[in-house]
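# Chain and residue survey
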Amino acid sequence: MECFAFPASRSAPAGLCGAVSPSAGPVPLECWRKSYNCKYTGLPIPLPKDGYDLMQELCPGLFFDNVSVCCDVQQLQTLKNNLQLPLQFLSRCPSCFYNLINLFCELTCSPHQVDFLNVTNTVPYYDPVTQKNKTSITELQYCIGESFANAMYNACKDVEAPSSNDKALGLLCGKDAKDCNATNWIEYMFSKNNGQTPFSIIPIFSDISVHGMSPMNNATKGCNESTDNVTGPCSCQDCSLVCGPKPQPPPPPAPWLLLGLDAMYVIMWIAYMGFLLVFFAVIFGVWCYRKRHLVSEYTPIDSNIAFSVNSRHDNGEASCGERLGERFENCLRLTFMSWGAFCVRNPRPVVLFSLVFIAMCCSGMMYMKITTKPVDLWSSPSSQARKEKQYFDTHFGPFFRTEQLIIRAPHSKPHIYSPYPSGADVPFGPPLDKDILYQVLDLQNAIENITASYDNETVMLKDVCLAPLAPYNNNCTILSVLNYFQNSYSVLNHSVGDEFFVYADYHTHFLYCYPAFLAKKDLCHVFIVGFSVFSLQPLPFLRIDENYNNATALVITFPVQNYYNETHKLMRALAWEKEFISFVKNYQNSNLTISFSAERSIEDEINRESNSDISTVLISYAVMFLYISIALGHIKSCKRFLVDSKISLGIAGILIVLSSVACSLGIFSYFGIPLTLVVIEVIPFLVLAVGVDNIFIIVQTFQRDERLPGETLDKQIGRILGDVAPSILLSSFSETVAFFLGTLSTMPAVRTFSLFAGMAVFIDFLLQITCFISLLGLDIKRQERNQMDILCCIKGGEEDSEVEHSESILLLFFKDLYSPCLLKDWMRPIVISLFVGLLSFSIAVAHKVEIGLDQSLSMPDDSYVMDYLNYLSKYLHAGPPVYFVLEEGHSYTSLEGQNMVCGGVGCNNNSLVQQVFTAAEIDSYTRIGFPPSSWIDDYFDWVKPQSSCCRVYNTTGQFCNASVVDVSCMRCRPLTEEGKWRPQGGDFMKFLPMFLSDNPNPKCGKGGHAAYSSAVNFINNNSDVGATYFMTYHTVLKTSADFIDAMKKARIIADNITETMGIKEKNYRVFPYSVFYVFYEQYLTIVRDTIFNLCVSLGSIFLVTTVLLGFEVWAAAMVSITIAMILVNMFGIMWLWSISLNAVSLVNLVMSCGISVEFCSHVTRAFTVSTKGSRVERAEEALFRMGSSVFSGITLTKFGGIVVLFFSKSQIFQIFYFRMYLAMVVLGATHGLIFLPVMLSYIGPSVNKAKTRAAQERYKRTERERLLYF
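This one's a predicted model, so the numbers in the text were calculated from it and none came from an experiment. (Residues numbered from 1 in each chain as written. Predicted model: local features only at pLDDT ≥ 70, side-chain atom pairs only at ≥ 80, totals over all residues. Heavy atoms only, no water.)

## Quick word on helix 43 (residues 1211–1243)
- The largest bend in helix 43 amounts to roughly 35° and is located at H1231.
- Burial within helix 43 is extensive, with 27 of its 33 residues counted as buried. (Bend = angle between axes of the 7 residues up to and from the residue. Helix = DSSP H or I, 4+ residues; strand = E, 2+ residues; numbered from the N terminus. Buried < 20%, exposed > 50% of the residue type's maximum accessible area, 1.4 Å probe, protein only.)

Encoded structure:
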C-alpha cells in the first residue's frame, strides 16, 4: 500500500477557485485562493479517532483495522462539504450515491492510490507555517474501470431532481441529461472548470492496466439493489429497472373507413342515392297513375284527383281536432281583432302607457353591470374547473401575473466564436451579440424603473413583483438570460486576455453557465457566479433549436404577484401593468423588435375591440334602419313621396325594437344579473330581425288589404291584426320559449344570451301589438289627410277618404313569376333533390367541425397582442404548468400516507408522484411533459442527517441555515439508523416549516422556500398539513385541440390517482389545475351542450307551434324539420368556412334557431289557413302572401346589415358574426322560401275543414269570397 497525495500542508488560504498554474499568465487574485493536495509518497497513515465518525459516514468500506488511509480528518471534512450538492440530488437513490461516493473515497482516501493514480503535474511551494519547501499537486491521472463508470452512470441516470422537473444529471453533468453519459459526467466532475474541483483530475477509462496503472474497479450496486439491510432499492421513479419496461401509449383510434374513404361520406352518399331512388320512383309512380286515369298532365300530382276535401262543395264532417283547432284559431282572431281596434281608437293612452312601461324597465339600466373578465364570460361558477380554481386560489394563492417580452434582433446576423487556444468554432445567434445584450439590459433596467401611480401611491416593479426568496432576499424574479451575468454591464463586458488574444469573455461564460447553472463559479479567467440574483435555478428565457447559443430570440418574463380578494393590491399591479404596456408600446430601438404582452392585455384588447367595432355595428344598423324606413312605404308618385312614405313609422318601429332590448337589459339589471359583450353585440341583431319581420307583415298586409264597405279604420286594422297577429304570436312565442329554455345551459355565455334574448323578443311582441298598432293607425290617418311624413303639419294636397290598397312589385313578382315557377312539377323534384343533397353533405362533415376558439381571433387585427401570440408559438416551446392538488384531509405524518404520495425509496409504485412520473414517460399521449416537482421527496432529502441542510442551534432549537458557520449548529436528526429513516409524526411537522423557509444556496440546493413555499397549506395552527400540490408542465400546446386534450388527460390521471390511493370514498381527492382549464373546460361538453340546447329549442318550437297552429301537429313537424335542416346545414357551412364550435358560435346557433322560426312559421301558418283546392295552390298562396313580406322584411334587412360587418377590424366579427349571420340568413331564406313551400306542396297537412267552413261563412257575399275561391 502506498499513497501519492496527502494534504500535509496548504499552499494558500482556502478559496473557491480551481488550481491554476503560475505559468498560465495573469489571473485575478481570487484565482490564487485555492486548496489542493501536497505530493506524498509513502505508506498510509492511521486516521485519528476524531475522524472515525466521518469515515464511517462517508467511506464505510475503508473503515477496518486501524483505519490506515491516504487522507486526514480535514480532507474528509472537505470531501463531505464538496459532496453536499451531489448528496442532496442523488441520495434519493441510495445505490447511485453509494457508487458515487465510492469513486471519491477511493480517489481521496484509498490506501491503494498508487495502483490507479498518477501525478502528472506539480508546483513547488514554501509552507510559511512549517517553513519547509513542499510540492503541490496540480494535475493527476485517475484510472477508472470502464465497467465501474458505466455501472455508476446506469445507477444514476434515472434519478430525478423534483424541484426542477428534470433528471439530476441534467444539473450535475454540465449538459442536458439526454446528452450525459458515464464518460462526460465523470470528466465534468473532475474538471477544474466546474468551479469546485481544486485541480485537474484526468480520468482514464479502461478495464485493463494502462500506463502502469490498474483500474479502480470496485464492486457497484445497481439501482434495483439495496445498499444495506435498512434501505431498499431505488424507487421506480429513479430507476427504470424497478419499473420494468417503459409504458406504451395506447394506439390512436383508427379512422372509421369504408371502402378506404371516410365512413360518414360513404354512408351519407349511399343514403342520398337511396333517397333519390325512392323519391323519383314515387314521383314516377304517381305520374303513371295520373296517366292511367286520363287526368290532364297540367293537374298537380297531389291535387286529390278523385275527391277533394278542399272543395267548397265538400260535405265531409270535420273531426274533433279540426273543430278544436278552428275554435282556438277563431278565439285568437277575435281577441286580436278587438285589441287592434281598441289600440287604433285610443292611440294616445296606449302610446303613453307603452312609454311609461319602457321608462320603468329601462331605469333598471342604472344598475347595469358588464362582465368583461374572460373567466366569468366562459366559465360557470358551478363548473368543476371554476370550483377547482377557487380552491387553488384560496389555499395557495392565484397563479402569478405574467408580463413577457419576446425580443429579436432583425438587423444583426449570427456570428462565430472561436475559442482560444483550441476548440471548435461555436455559432451564436443574432440576439446574443454583446451590443444587443447591452441594449436588452438597458430595456430590462428601464422596465424595472417604470413608475405608476395608484391611489396617490407610487408603484414600481419591486412593489408588485414576485420575490420567491422574500423576506430574506427581496430581489424581483426576472427570467432573463442576463441573470447569467448578474444583470451587470461590467460582468457582461468582463474579459481576460493579453495584447494578442482573449482567453475568455461573455461567450465562454455563457457556454459554461447554460448547461451547468448549479456550478459555483466560472473558469478562473472570468470568475462570474452563475446563479441568478433571485433564486438558485434560472428558468427558461431564450428559445433555440437545440443549442442555446443558436438562440433566435430572447424571452424576458417579469412575474408579478397576483392577489385573491385583495382589491387594493391588485389595482396597484394593474396600474403598473398599464404603464408597462404604454412604455413598451412607445419604446424606440431600431435594433430590437419587441413583441410583448401583460396579464391584462387580452382583457384590454377585447374591450378596445368592442369599442373600435361600435362604428361598424352602428353603420350596419344605420343601413338596416334606412332600408326599413324606405321599404315600408308604397310610393305612387314623386309628388306624393312624403305623403305615402313610412319613414316616421319605420323609425318608430325600429325604436320599439331597440326599446324592447333596453327593457330586457333594465329588467335583469334590477335583479343584479350582469351583461356580457355577447349580449350587447348579438341581441339587437336578433330582436331587429324578429321585430322588422313583424313590422313588414303588419304594414304590408294592410297595404294589400281593401277596406270593406262600411268598415272604419279601427275595424279594418283590427281585422288585419286578427289575421296576422296569430302568426306573429306563433313566431314570437316560439322564440321566447326556446330562448328561455336555453337558460338550462351550463355555459354562462349561452345562458345569459338566452335569458336576455327571450325577454327582449317577448317585450318586442307586446310593444308591436300595442304601441306600434296605435302608431300605425295615426300614420294612416295622416296619410288619409294628405299630411306629409315627418313634416306632419304640412299638407301635400287634397285629402283622400281612405288609402287605396296596392300591391308592390315584390308581391307581384312572387305572385306571378316566382311562386308558379318554383311549384312547377318539374322544378319541385329538383328542389327536393338539391336540399336533401345539401343536408346529406352537412351531416357527413358535421363531426369534422373543429372545437375551440383560437385566442388570436378575439384580438383586433392591429393589436400588439397578435404579434406576441404569433411569436409565442414560434419561439417559446414550453407548456403551461399543471398542478396536481391533493385536497385537505390526507395524513402526511404516517408512513402509509407518505408512501401513497412520495416518489422516492420505499414509496408505493402507484403513488401520486409515481403516477404523474409514469404519465410523463408517455408525454406524447398524456401531454404531461416532465416528472413532477415533489416537495415531500425534497423534504426527505433535505432532512437526512447526512445532509448539511437541516440544522438547528443547540441552544434555542431554531433553524440554522446551511450557509451559517457556527459551532452551535447541529444536525436536526442523529446520524443513526433511526435518524436516517423518514420523519414521522411530530418530527415530520417539526422540521417541515424549516424546510419551507430555507432558501436554496450553494451548500444546500434543496431548500424549499423558493420552490415550495406556496405548495403546502398548513392547518390547525400549523400543527398539520392541509392541501398540497405537486407541479409539473404540460407539453407544448398550440391549438385548441391540444389544450382540450391536455386537460382531459390530466383529469383522467388525477381520477386514477384518487382511485388507487383509496380515497375515492373519503371527503378529499386529487385534481389537476392549470390556468387555462377554466377557459377550455367548456369544450369537454360543448358537443353535448350544443345538442342539448338545439334539441330543447326545437322541442319547444314544436310544442308551441302545435298549439298556436290550432293543434296542427303535422304542420308543426314541418316547421321543426325545416329548422333542423337549417341547423344541420349551419354545421356544414361552419366546416366549409373554418368556423369552430365554441360558446360564441353556439350562441349564434341558438339565435339561428330563433331566426329560422321567422322564415318558416309565417309561411306554414298561411298554408294551414289557406282554403285553396290543392296543396300546390295553398303553398303558392302562402308563398306569395307571406313569403314576399318575409323576403322584404327579415331577408333584405339583415342582408344589408350583414354586408357591413365584413369591413370590421375584428376577426371575431368577421368570422363569427359576418360569416355565421350571412349563413343563417341565406339558409333561412332558401329553406323558408324555397324548400318549405315545395315540401308543403308534397306532404303538407290537409286543409282543416272546420276552418274552411268558418272562412266561407265569414267572407260570404263579400269581395274576399271571390278572391279566395276563384
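Picking up after the structure, the text goes on.
## Re the packing of aromatic side chains
- For the coordinates displayed, the defined rule picks out 58 aromatic pairs.
- Residues F399 and Y883 carry aromatic rings whose centres are separated by 6.2 Å and whose planes lie at 70° to one another, so their mutual orientation is edge-to-face. Placement of the pair is F399 in the loop between helix 14 (384–396) and strand 13 (401–408) and Y883 in strand 24 (residues 881–886), with a sequence separation of 484 residues. Of the two residues examined, F399 and Y883, each falls in the buried class.
- Above the plane of the ring of Y925 lies K1049, whose end atom (NZ or CZ) is 4.0 Å from the centre.
- Looking at R1178, its charged tip hangs above the ring of F1167, at a distance of 4.0 Å from the centre. (Phe/Tyr/Trp six-rings, centres within 6.5 Å; stacked < 30°, edge-to-face > 60°. Lys NZ or Arg CZ within 6 Å of the ring centre and 35° of its normal.)

## Quick look at empty space enclosed by the protein
- One pass over the full model with this rule turns up five cavities of 30 Å³ or more.
- Together, V617, S620, Y621, E681, F685, L1205, F1213, Y1217 and Y1221 line the second largest cavity.
- Counting only elements with at least two residues in the lining of the second largest cavity, the list comes to helix 21 (614–631), helix 24 (677–704) and helix 43.
- Grouping the constituent residues of the lining of the second largest cavity by class yields seven nonpolar, one polar and one charged. (1 Å grid on protein atoms, 1.4 Å probe; cavity = no way out; pocket = protein on both sides within 12 Å on 5 of 7 lines; lining within 4 Å. Points joined across faces, edges and corners; volume = space filled by probe spheres on them. Nonpolar A, V, L, I, M, F, W, Y, C, P; charged D, E, K, R; others polar.)

## Some details on the pattern of salt bridges
- Per the counting criterion, the structure on display carries 29 salt bridges.
- Here D393 and K389 are joined by a salt bridge, their closest N and O atoms 2.7 Å apart. Remark: K389 and D393 occur in helix 14; sequence separation between them is four residues, near one turn of the helix.
- The network of salt bridges with shared partners includes R92, D238, D938, D941, K944 and K1006. (Salt bridge = Lys/Arg side-chain N within 4 Å of Asp/Glu carboxyl O.)

## Details of the confidence of the model for the chain
- Of the residues in the chain, 88% reach a pLDDT of 70 or more, and the chain-wide mean stands at 83.
- In this model, residues 7–33 is a region of pLDDT below 50 whose contacts with residues beyond four sequence positions or in other chains number 55 contacts.
- Here residues 1265–1270 is a poorly scored stretch, pLDDT under 50, and it has 16 contacts once near neighbours within four places are set aside; other chains count. (pLDDT = per-residue confidence, 0-100. Contact = heavy atoms within 4.5 Å.)

## So, the packing of helix 40 (residues 1113–1136) against helix 41 (residues 1143–1169)
- At a minimum axis separation of 9 Å, helix 40 and helix 41 run at an interaxial angle of 145°. Taken as a pair, helix 40 and helix 41 cross one another with a handedness that is right-handed. The residues of helix 41 that touch helix 40, namely those facing A1115, V1119, T1122, I1123, I1126, L1127, M1130, F1131 and M1134, are S1145, L1149, S1152, C1153, S1156, V1157, C1160, T1164 and T1168.
- For the contact of helix 40 with helix 41, a count of residues per class yields 12 nonpolar, six polar and no charged. (Axes fitted to C-alpha atoms, helices over the stretch in contact; angles between N-to-C directions. Left-handed = near helix turned anticlockwise from the far one by under 90°.)

## Some points on unusual backbone geometry
- The residue V67 is not glycine, and still its phi comes out positive at about 50°.
- Relative to the helices and strands, V67 is located in the loop between helix 1 (52–58) and strand 4 (68–69).
- One non-glycine residue, D455, lies in the positive phi region at around 55°.
- In this fold, D455 is placed in the loop between strand 16 (452–454) and strand 17 (457–459).

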